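Fold and contact review
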Amino acid sequence: MSDRRTQDEAAITAVLVDSYRAWKAGDADAMVADYTADATAIMTGSLRDSRDVIRRSMALGFEGPLKGSSTWNKQLSIRFLGEDGAIVVSESGILFAGEVEVPDQRKVNATWVLERRDGRWLIAAYHNSPALTPGN
């Protein structure tokens, strides 16, 4: 792998780690700091169609059911799309206050789409779905 791709992978991973840290801190502004203005987040039953909508939703969550939570994340792959695009696949889950492990039934498979804009890697889209489906 070229030095540039190694640097890109490190920069992409840092963007995601910063987002996870912000979640743990309950800081919705910091969590979306590296999202594009037109970012989307799709989760079961919801579409959040801009960075502002994502931020507002997370702020409400951090004040309510997500208060004191953090995330568990296992990066599975990074695939580049040309020079300025990348897809990250991960397995993730929410650790609620006091938990040390995410139960299997709450784990999700997640896809992150990132793009380089003005030399910075930014999150353009996020999607997750349950890692386990009924019958698995």
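Some words on the nonpolar core
Core analysis: the largest hydrophobic core is formed by 27 residues, its most contacted members being Y35, M58, W112 and L114. Contributing elements (two or more residues each) for this core: helix 1 (3–25), helix 2 (28–31), strand 1 (35–43), helix 3 (51–63), strand 4 (85–95), strand 5 (108–117) and strand 6 (120–130). When residues in this core are grouped by element, the largest group, six residues, is from helix 1. Apart from residues lying up to four places away in sequence, Y35 is in contact with S19, R51, I54, W112 and I123.

Some remarks on the pairing of strand 3 (residues 70–81)
Bridging between strand 3 and strand 4 involves 11 bridges; their strand directions are antiparallel. Across the sheet, S77 pairs through a bridge with V89, a residue of strand 4. Here strand 3 hands over to strand 4 after three residues, with G82 in that stretch at a positive phi of 70°.

Some details on helix 3
Between its first and last C-alpha atoms helix 3 spans 18 Å; for 13 residues at 1.5 Å apiece the expected length is 18 Å, and the two agree. In this structure, the buried residues of helix 3 make contact with helix 1, helix 2, strand 1 and strand 2 (46–48).

So, the pattern of salt bridges
As enumerated under the stated definition, the model contains 12 salt bridges in all. With its nearest N and O atoms 3.2 Å apart, the salt bridge here joins D18 to R21. Highlighted residues: D18 and R21, both in helix 1, separated by three residues, approximately one helical turn. With a closest N to O distance of 2.8 Å, R117 and E115 form a salt bridge. One network of salt bridges, in which partners are shared, links R4, R5, D8, E83, D84 and R116.

What counts, and at which threshold
Residues numbered from 1 in each chain as written. Predicted model: local features only at pLDDT ≥ 70, side-chain atom pairs only at ≥ 80, totals over all residues. Heavy atoms only, no water. Core = buried A, V, L, I, M, F, W, Y, C linked by side-chain atoms within 4.5 Å. Buried < 20%, exposed > 50% of the residue type's maximum accessible area, 1.4 Å probe, protein only. Helix = DSSP H or I, 4+ residues; strand = E, 2+ residues; numbered from the N terminus. Contact = heavy atoms within 4.5 Å. Pairing = 2+ DSSP bridges. Expected span 1.5 Å × (residues − 1). Salt bridge = Lys/Arg side-chain N within 4 Å of Asp/Glu carboxyl O.

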